[in-house]
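# Structural features, examined
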Amino acid sequence: MVNFMTDESSHFDEMRLDASAVRDPYKNYHDWFSDQNPTRLRQKHKEAEAFFRRTGITFNVYGQSEAQERLIPFDLVPRIIANREWTKLSRGIEQRVRAINAFLHDIYNGQEILKSGRVPRELIAQNDAFLPQMMGFTPPGGVYTHIVGTDIVRTGEDDFFVLEDNARTPSGVSYMLENRETMLQMFPELFSKIKVQRVNDYPKNLRRSLGEAAPSTCEGKPRVAVLTPGMYNSAYYEHSFLADQMGAELVEGHDLRVIDGHIAMRTTQGYKRIDVLYRRVDDEFLDPLSFNPTSMLGVPGIMDVYRAGNITIANAPGTGVADDKAIYSYMPDIVEFYTGEKAILKNVETFRCSEPDSLSYVLDNLADLVVKEVHGSGGYGMLVGPAASKKELRDFADKLKARPGNYIAQPTLSLSTVPIFVKNGLAPRHVDLRPFVLVSPNEVNIAPGGLTRVALKAGSLVVNSSQGGGTKDTWVLED
Amino acid sequence: MLGKTAGGLYWMFRFLERAEHTARLVEAGFRIALTRSTDAESEWKSVVTTSGQLNGYLARHGTFNAGDVVDYLLRDTENPSSVLSVTKAARDNARLVRTALTTEVWTAVNESWMTTKALIDRPIRETELPAVLDTIRQQSALVRGALHGTMLRNDIYDFARIGTFIERADSTARIIDVKYYTLLPSTSFVGSRLDNVQWETILRSVSAHRAFRWLDEEEMNAAAIAKFLILDRRLPRSLIFSVGQMTENLNYLAETYGERMICTDLATEMRARLANRDINSIFEEGLHQFISGFLRDNNALGLQIERDYRFVG
């Protein structure tokens, strides 16, 4: 019999409403867990870590010396989502992703939403992620965001919020797949007891989805390649994993060149054309002729090939506009503007520090807020007010005053918790969720579940793997 | 296949072969040093020379003693050919070509790196050395086993094998090159104890000291050993075996791709030249000259393979 540690605080725990009642989705798991021997579970946990190390499932940490590969800690307690919860969530995600694609097409073409005044023009004009090179051009199949990783947090039984849209190049899907694989190996009996929706088809779906978005000029089976910045990139493992799973080539910029108006890769038998490039290289480095001229990671001239309609770049250049945290604050309007429906998923209340009233509110309430850079990601450059020291708050206030337009602020959400396995049993930790969404000209496909990131420190709200977060397998139940 | 991937496979297996070869050289040196304390210094020097790292070594150390040489050849990260460096390089290349490898091969390379790193992260005591060298060779065998047991016999496999045998031919030729004077039949020490020790070292460096005895065709003498290392098709580290394997794999590639490249002809000619030689004619030409020529040809072949199959852009 294992212990369940009680938790004093008031946030929503996804396993238990209180010490006696277990929430429905967790009932079967809880029964199983109660019969487990903690020593055996600890042993299983060690096995999982050894497995990750041996197979090289690691990520690189920026700012540390070369070849510092770290494991993302894996927790063996799954996060479980009921079918009806998922149905609602996935409807909300699909609605939002469709709206984002419509938004991107609009701002790079007619700009109706700017003309209507629903989104201020300067947010686009002054946005570094906005690419004038994309104006008046529609990508093959009309798809901008082929792959999206919508970050979602939960605060109550029916309260789901979108935290970030990640329309640029979301990572983490390899962990979703490996976590499931690990759970299947460690606890096969659980999966015969509890019916969990499969995620293993993701690579196949990704390949199909990318193929469907191939240029209309493409003949035969579309050739797909994954473009990586190289093996020292923090997500290199994922790049090679996805290429491997899709049966696609893993290429770097120097493997590619423009030949006869197409992108071709250098093979042992000469240059071979490719049709779809799933690029994990940022816009800025994609084409030294169009963007950063010193970039060695991209392909000189690829933007010309792109605009000529001879290659699909996934995601399309310039989609980062939708990731901007100032744009985020308009997302409910954006959803309504393009779909004619109310947004199903809630936005977190967001204060735009560019607006004087908001700025003064944020400065007065800094200790209670989370402040983020509008273009930032990965948890870098953000302030978590309740966790910050007096000095950190003062220093951050100075930064805010110097460049208010660079920041937005949000209330600290009482994120839900899911138990993790600790020495003697279970203890609640805050989590978020990143479902992975595939968009093709024909459909939107969401892998049931996604990546649950978990703050391993008690009370911590920072789930980023670069800052001590771990991951969990995420189950969506069959019914 | 991407040209880069072909290059990554080729180098991955060159580096793995080099790790194994270096471990053998150290082992042979260590045995000599144990049995003959008087000229240990010159033995260690020739070990370093054979590994091709004499200049690099002299930049770090002044004298040749067991501690410094073992340290430099096994674990010095400043030495690009130390076992630690090449194991890491092999693993880096494996990461680069991860999509071309089976899980078994990748896992074996990754484990080999983790094991080697843990093993020689700190200085090695003399008493530990035999066990350490054993482990290094074992790791190499595991990778090779995974390669043979799980990989498709396609172009991926061919490039892996070609890398292995280019490196192996180079290693064996270097051993002969450094020790050629002990293999000259005209040497005045014929049959002396010194020769026996030298010959045994050479045979140990290619893990063939027992094999040579099994063959038992000839007395142990300079010509027989030279013939064994250069022309014996049964010895998996002989020059003719290595070149033969390369030729075979290059021919498979030509078949697979439906196009015959210059490198295939180069290798075929190299093999034919070896097959037509006997050991006496090699001694007539001059062993040293012959080996220098072989090293040049082998190197040129490697470069031609890189060009023909577009390893770099």
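Residues numbered from 1 in each chain as written. Chains lettered and ligands numbered in written order. Predicted model: local features only at pLDDT ≥ 70, side-chain atom pairs only at ≥ 80, totals over all residues.

### Points about the domain arrangement of chain B
Residues and elements named next belong to chain B. Here chain B is described as being made up of domain 1 (1-151) and domain 2 (153-313). Distance from the C-alpha centre of domain 1 to the C-alpha centre of domain 2: 20 Å. Listed as interface residues are 28 residues of domain 1 and, on the opposing side, 26 residues of domain 2. Sorting the residues of the side of domain 1 that touches domain 2 by element identifies α1 (3-35) and α2 (40-50) as the ones contributing at least two each. Counted by class, the side of domain 1 that touches domain 2 contains 13 nonpolar, seven polar and eight charged residues. (Domains from an automatic or database assignment. Contact = placed C-beta atoms within 7 Å. Helix = DSSP H or I, 4+ residues; strand = E, 2+ residues; numbered from the N terminus. Nonpolar A, V, L, I, M, F, W, Y, C, P; charged D, E, K, R; others polar.)

### Let's talk about the environment of W86 of chain A
Residue and element names in this part refer to chain A. With respect to the helices, strands and loops of the structure, W86 is situated in helix α3 (residues 83-107). W86 gets classed as buried once you count the C-beta atoms within 10 Å, which come to 22. Between the C-alpha atom of W86 and that of V476, which follows or precedes it by 390 residues, the distance is 6.9 Å. Among residues more than four places away in sequence, those in contact with W86 are I81, P448 and V476. (Buried ≥ 20, exposed ≤ 12 C-beta atoms within 10 Å, placed from the backbone.)

### Topic: the environment of G142 of chain A
Residues and elements named next belong to chain A. Its location among the elements puts G142 in the loop between α5 (121-125) and β5 (147-149). You can call G142 partly exposed: it has 14 C-beta atoms within 10 Å. For G142 and V173, which are 31 residues apart along the polypeptide, the C-alpha to C-alpha distance reads 24 Å. If near-sequence neighbours (up to four positions away) are discounted, G142 is found in contact with H105 and P441.

### Things to note about unusual backbone geometry
Residues and elements named next belong to chain A. Here the bond from A314 into N315 is cis, since omega is -5°, no more than 30 degrees from zero. Its place among the elements puts N315 in the loop between β14 (312-314) and α12 (325-328). The backbone of Q111 shows a phi angle near 55°, a positive value even though the residue is not glycine. One can find Q111 in the loop between α3 and α4 (112-115).

### A look at the confidence of the model for chain A
Confidence in the prediction for chain A averages 90 pLDDT; 94% of positions are at 70 or higher. Contacts of residues 1-8 of chain A to residues separated by more than four positions or lying in other chains number 17 contacts, the stretch itself having pLDDT below 50. (pLDDT = per-residue confidence, 0-100.)

### Concerning the pairing of strand β21 (residues 425-434) of chain A
All names here are of chain A. Summarising burial for β21: eight of the 10 residues are buried, a large majority. As paired strands, strand β20 (residues 417-422) and β21 are joined by six bridges and run antiparallel to one another. Directly across from I420, in β21, lies its bridge partner A427. Relative to strand β24 (residues 451-455), β21 is paired through four bridges, and the arrangement is antiparallel. Residue pairing across strands places R434 opposite L451, the latter belonging to β24. (Pairing = 2+ DSSP bridges.)

### Thoughts on the nonpolar core
In terms of nonpolar packing, the biggest core is built from 213 residues, with L277 of chain A together with L9 of chain B touching the most fellow members. Residue contributions to this core peak at 16 residues, all from α1 of chain B. Residue contacts for L277 of chain A: discarding those within four places in its chain leaves A225, L227, I263, I311, T312, I313 and A314 of chain A. (Core = buried A, V, L, I, M, F, W, Y, C linked by C-beta atoms within 7 Å.)

### Concerning the sheet that holds strand β9 (residues 249-251) of chain A
Residues and elements named next belong to chain A. Taken together, four strands build an open sheet; the order of strands is β9-β8-β13-β14 and the sheet is parallel. Both edges of this open sheet fall to β9 and β14, since each of them pairs with a single strand only. Neighbour to neighbour, the strand axes of the sheet diverge by 25° on average, direction disregarded. Pairing analysis gives three bridges linking strand β8 (residues 224-227) to β9, with the strands arranged parallel. The residue of β9 that forms the bridge with A225 is E249. (Axes fitted to C-alpha atoms, helices over the stretch in contact; angles between N-to-C directions.)

### Examining the domain arrangement of chain A
Residues and elements named next belong to chain A. Entries for chain A in the domain assignment read domain 1 (3-346 + 413-476) and domain 2 (349-411). For domain 1 versus domain 2, the separation of C-alpha centres amounts to 26 Å. Among the residues making up the side of domain 1 that touches domain 2, the classes are represented as six nonpolar, four polar and three charged.

### Here's the deal with the interface of chain B and chain A
Contacts between chain B and chain A engage 19 residues on the former and 17 residues on the latter. Taken together, the elements giving at least two residues each to the side of chain B that touches chain A come down to α1, α5 (83-96) and α6 (103-120) of chain B. When residues in the side of chain B that touches chain A are grouped by element, the largest group, four residues, is from α6 of chain B. Of the residues that constitute the side of chain B that touches chain A, the class distribution is seven nonpolar, five polar and seven charged.

### A short note on the sheet that holds strand β19 (residues 407-411) of chain A
Residues and elements named next belong to chain A. The strand order across the open sheet built from four strands is β16-β19-β17-β18, with neighbouring strands paired in antiparallel fashion. The sheet terminates laterally at β16 (351-352) and β18 (383-384), the two strands that pair on one side only. In this sheet, β19 lies alongside strand β17 (residues 369-373) in antiparallel orientation, the contact comprising five bridges. Paired with K372 across the strands is I408, a residue of β19.

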